[in-house]
Each structure stands twice: as structure tokens, then as C-alpha cells.
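# Residue-level structural notes
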Amino acid sequence: MLAIEAENLSKKFGDFTAVDNISFKVEHGSIFAFLGPNGAGKSTTIKMLTTVLAPTSGKITLNGHDVLKDPNEVRKNFGIVFQDPSLDDDLTAYENMEIHGVLYHVPGNEMPKRIEQLLGFVELWDRKNDLVKTFSGGMKRRLEIARGLLHHPKVLFMDEPTIGLDPQTRNHIWSYILKMNKDEGTTIFFTTHYMDEADKVAKEIAIIDNGKIVAQGTSAQLKEKTKANSLEDAFIELTGHEIRHEEAAPNQRMRMMRRMRR
Amino acid sequence: MNTLTVLWLRQLKKYFRSKARIIGSIGQPLLFLVALGFGFGPIFSKAGGGNYLDFLVPGIVAMTILFTAIFSGIEIIWDRQFGFLKETLVAPVSRYEIMVGRTLGGATIAVLQGALVFVISLFLGFTPNLMMLPLAIVFAGLIALFFTALGTAIASLLDDMQGFQLIMNFLVMPTFFLSGALFPLTGLPSFISVIAQINPLSYGVDGLRGTLANATQFGLPMDFAVLGILTVVVMGIGGYLFSKIQV
Ligand SMILES: Nc1ncnc2c1ncn2[C@@H]1O[C@H](COP(=O)(O)OP(=O)(O)OP(=O)(O)O)[C@@H](O)[C@H]1O
Ligand SMILES: [Mg+2]
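Computed from a predicted structure; not experimentally measured.

This part is about the site of ligand 1. Residue and element names in this part refer to chain A. Gly39, Lys42, Ser43, Thr44 and His193 are the nearest of the 15 residues found near ligand 1. The side chain of Ser43 places a nitrogen or oxygen atom 2.7 Å from an oxygen atom of ligand 1. Measuring from an oxygen atom of ligand 1, one finds a side-chain N or O atom of Gln83 at 2.9 Å. Surface burial for ligand 1 is 71%, taken as the share of its 630 Å² of free accessible area covered by protein chains. If you tally residues by element for the shell around ligand 1, the top one is helix H1 (residues 42-49), at three residues. The residue makeup of the shell around ligand 1, split by class, is five nonpolar, seven polar and three charged.

What follows deals with the interface of chain B and chain A. On the chain A side, the residues contacting the 24 residues of chain B number 32 residues. Interface area, chain B with chain A, both sides summed: about 2400 Å², of which 60% is carbon and sulfur. Counting the surface chain B buries against chain A, the share from its top three residues, B:Glu87, B:Val90 and B:Pro92, is 28%. With a shortest N-O distance of 3.6 Å, B:Lys13 and A:Glu95 are connected by a salt bridge. Broken down by secondary-structure element, the contributors of at least two residues to the side of chain B that touches chain A are helix H1 (3-17) and helix H5 (84-89) of chain B. Sorting elements by how many residues they give to the side of chain B that touches chain A places H1(B) first, with six residues. Here the side of chain B that touches chain A is composed, by residue class, of 11 nonpolar, six polar and seven charged.

To continue, consider the nonpolar core. Counting 143 residues, the largest nonpolar core has A:Ile4, A:Phe24, A:Leu35, A:Leu143, A:Phe157, A:Phe189 and A:Phe190 as the members making the most contacts within it. Ignoring sequence-local partners within four residues, the contact set of A:Phe24 consists of A:Ile4, A:Glu5, A:Ala6, A:Phe32, A:Phe34, A:Thr45, A:Leu49, A:Phe189, A:Ile213 and A:Gln216.

Residues and elements named next belong to chain B. Packing of helix H3 (residues 52-74) against helix H10 (residues 200-212) leaves a shortest axis separation of 9 Å and a crossing angle of 135°. Relative to H10, the element H3 is oriented oblique. Where H3 crosses over H10, the two elements pack in a sense that is right-handed. Counting all contacts with H3, which are made through Phe55, Pro58, Gly59, Val61, Ala62 and Leu66, the residues of H10 involved are Leu201, Val205, Leu208 and Arg209. The class makeup of the residues in the contact of H3 with H10 is eight nonpolar, one polar and one charged.

Scoring rules and cut-offs
Residues numbered from 1 in each chain as written. Chains lettered and ligands numbered in written order. Predicted model: local features only at pLDDT ≥ 70, side-chain atom pairs only at ≥ 80, totals over all residues. Heavy atoms only, no water. Near = heavy atom within 4 Å. Polar contact = N/O pair within 3.5 Å; in protein donor to acceptor, adjacent residues only side chain to side chain. Areas by Shrake-Rupley, 256 points an atom, 1.4 Å probe, with all protein chains shown as cover. Helix = DSSP H or I, 4+ residues; strand = E, 2+ residues; numbered from the N terminus. Nonpolar A, V, L, I, M, F, W, Y, C, P; charged D, E, K, R; others polar. Contact = heavy atoms within 4.5 Å. Buried area = accessible area lost by both parts, 1.4 Å probe. Salt bridge = Lys/Arg side-chain N within 4 Å of Asp/Glu carboxyl O. Core = buried A, V, L, I, M, F, W, Y, C linked by side-chain atoms within 4.5 Å. Buried < 20%, exposed > 50% of the residue type's maximum accessible area, 1.4 Å probe, protein only. Axes fitted to C-alpha atoms, helices over the stretch in contact; angles between N-to-C directions. Parallel < 35°, antiparallel > 145°, perpendicular 65-115°, else oblique. Left-handed = near helix turned anticlockwise from the far one by under 90°.

Structure below.
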């Protein structure tokens, strides 16, 4: 059985196609990196995989369950760390953890221990009773990650989990996730803009650009295919040098700007 | 703890932490009580209506509950903007359960807020029938549940706060003013009378007035039946719309 299978998945926002007929498979216990430039459609894809957004067309199976037909069952199988903030700023760090634990059915007698362990792990235990709105950006991010790791799902989605974190913290967190993957066979599906990170941990990589998957394989295969020395070079080779505007029609807008300058 | 309790507690914690909100939201009812209660009191009793404050207080308590409840329901829009809504929407629990937990939390706050105004009114000279207080709390609870669920239903259809002013001016305000909260529903022009009779809040105001001030127009069983049925219906609709939210 596959952990994730997406078939001909598309998402349109009005006329604009954010995800364009993509298909991919993720094996159980794999660590799958979903890479692509800004606005490529990574987050949109993750939202569709996790029942937050309905696809325009296509089929998704998660752990054997049809995501569109059986969302409630699917939600029992995954955990997610979103790219955008999703904490309640008016509650304390501990309360945010606790709500998550209850929603995800973490047994009541295990909860305090697990919360202490994870808040300790991201070095927020001494701030546990402070309101989240008093936290720095990096502290909020660490709390989001700790919360995402509180229960142990079969599939863990992480949308740019390490964004804005210092290298020490990134390594620290990845070692925890890799251990979870090894000990419990948790399937990891993540996105990142740090190519070294993807190179180090991913067993399989898909590269998406303008809503389409342009390459897929191991890091070695992608480097070989593009005759590049690093994953970063391979990535740039595959997706081009142009900087992405988060805009429906990027080319048109750049042309317009050039004309205005003349 | 279960889903309902934890989401209910969340609302209460947030409520008790924002003292400014508690104090801010009793300002308006207090102003209404003082200005209208003492301002119209003499005319009201001269016209044979009796003690206006006794008439007015149940209406203002209902108003307080209405505003707080709608606002609690609408809060979903903030949760959506600040992202917390996503966290609950992907959780492995039924979205109906989440909606009910939130609604119970919002309704509890609305009842507390109404109780606060009720207590203040005692100091202004309101003399309620305390024997009926438990029944009054039931009516307060129904008003609160109905309008929190209504707020939830509306908020589930909105993406941002832009429609909020529209809802306040074209739904909440008319609901309040045309409910019999401020004036008796007898001898009115027929179109206002019709509106008042299809206005759910009329039955809430009447229920509160019937229990606290011994004066009812529709009769308490009727008030209870109408509000009870509408509350169940709106909870159902609100739950359905909430379960369809995409973020
Ligand atoms: N709700 C929405 N309405 C309209 N367009 C949207 C919406 N959500 C996303 N888009 C558009 O879809 C495209 C893909 O967005 P998405 O968030 O999936 O990108 P991404 O690959 O995650 O980018 P990043 O690396 O910047 O996070 C973008 O062009 C974005 O503007
Ligand atoms: Mg993204």
C-alpha cells in the first residue's frame, strides 16, 4: 500500500491554474521532498492532500483512503505543520499544545509528559505559560513544529517547516524527524527552499514549477539528469533563472514593467 | 477532556483574559438602560404602560446576548485570518463537533455578558421575579445558542471582515430594534407587527420578559417552542456550512 497517491490532480483559482494535472506516488516510510520556486503550487497541493482545499479535478488516496470521499477517515492518518501561522496567539504555548493533544486524541495520562518533552525539545518549556503573541517569529515556528510532533501520525506533512529557523535548530529538529521516520516508519512529505536540507534528508524528490511536476527522482538522479554538481544547481537548471512573481501572469507583468521603464 | 470541552474552555479563557472586551461591551447596554430607562420612563407610565425599567431590562439583556453571540460566531473569520481555524479543520474529529464546541463557548460568554447586565440593572432599580430566574436562564441560553450558531453560519460563508458592517446594519440592528425589546408589540402598524412576529429575537425578549417581569405576549410555551426549534435548525445549518469551509 502507498502512503500517498495523487492522480491527475488539478486546482484552479478562477482562470488561473495553480496545480496542473500532477500525479505522483509516495511509498510508506519514505521521506519525500516537494520542491519548487515561489508560487509553484506546493502549498496548494499540500492543502488538497490534507482535506483543507477541494481539488478542481483528480483523485487522491492517503493510506488507502479516498481523500475526497472519506475526509474524516483520512484526517486520522496524517499530521501537518502549515507554512502559514496556525497558532492561537491569545493562548499560552502550553494551551496550544493541549488543544492539539485533545483534538488528536493523545491519551490524557500521557499528555503532560509529551507536552513537556516536546516543549523542552524546542526550548520553550520555560515559556510554556506565556501567551503566544509575546513570542518571536522563530519561537512561534518552533512551537508549531512541536505541536505537529505531539501526536504520531502515519503521514506527516510539513510545509517549509524550518523557515526562519537558525541552522542549529534546523539540524536539531531534522534529527528528531528522521528518528521518528526510522523508529515508527512515519512517512514524511515536506517542502523547503533550503536545497542542502532536501539533499541531506530526502529519499525521493519531486520538482514542481508553474503547477507541473518537471522532474522526479532521488537527489543523485536529478543531479545526473542535469549534469549538475549540487541539488541547487539541478534545481535552477530545471526551473530556470527567472525570479517568480506571485502573480497569475508573471510574464505579462514583467513585460509591462519593462515597457513602463522605457 | 474531549473536543467539546477543550474548545468551550478556549473561548472562556480568551473571554476572561480580555477585560477590555468585557467592560467595553457593557457600555452600550448600560447607556441604553440609563438613557432610555430614565428618559422614556415617565411617558411610558403616563401612557399606562407601567414601570418602563421593568419592561426595558429584559429587552436590553436580550440585546446584550444578541450582540455578544453574533460576534462570537463571527469570530471564526478572525480565526481564519490568524490561521488557527486550519488547525481545527484538519484534526481527526468531526467538524460538527468542532462547530458545536465553539458555539457552546460563544453562547456561554453571551449568557455571562447578559447576566452581568442583569446584575447591573438590579442596582438601577429593576425588581425581577427571582422565582423564575432558572427559566429566564434557559431563555437566555436559547437566544445565545441561536445567534451564535447564526453568526457561525454567516461567518462560514464570508472570507473576510468586509461583510461585517453589512451584517450589523441590515441584520443585527433591525433584529434588535424590531423585536419588542424597546417597545410593546401591540397596536403597531401591521408591517412592523409582521416583521416582529417573524423575528426570532421577539420570542427571546418575550420569554425573558415573561419570566423576569411577568409580562408575556406570545406565552412562554410558544416562546420556548419557537426558539427551541429555530435553534436546532440553525445549529444544523451552521454545522453544515462550517463543515464545508475551505481555507
Ligand atoms: N486562495 C487562492 N486564491 C487565488 N490564488 C491562489 C490562492 N492560493 C494560492 N493561489 C495561487 O496559486 C499559486 C500557487 O500558490 P502556492 O501557495 O501553492 O505556492 P507555493 O509553491 O507554496 O509557493 P511558496 O514557495 O511561495 O510557498 C500562486 O500563484 C498563488 O498566488
Ligand atoms: Mg507554499
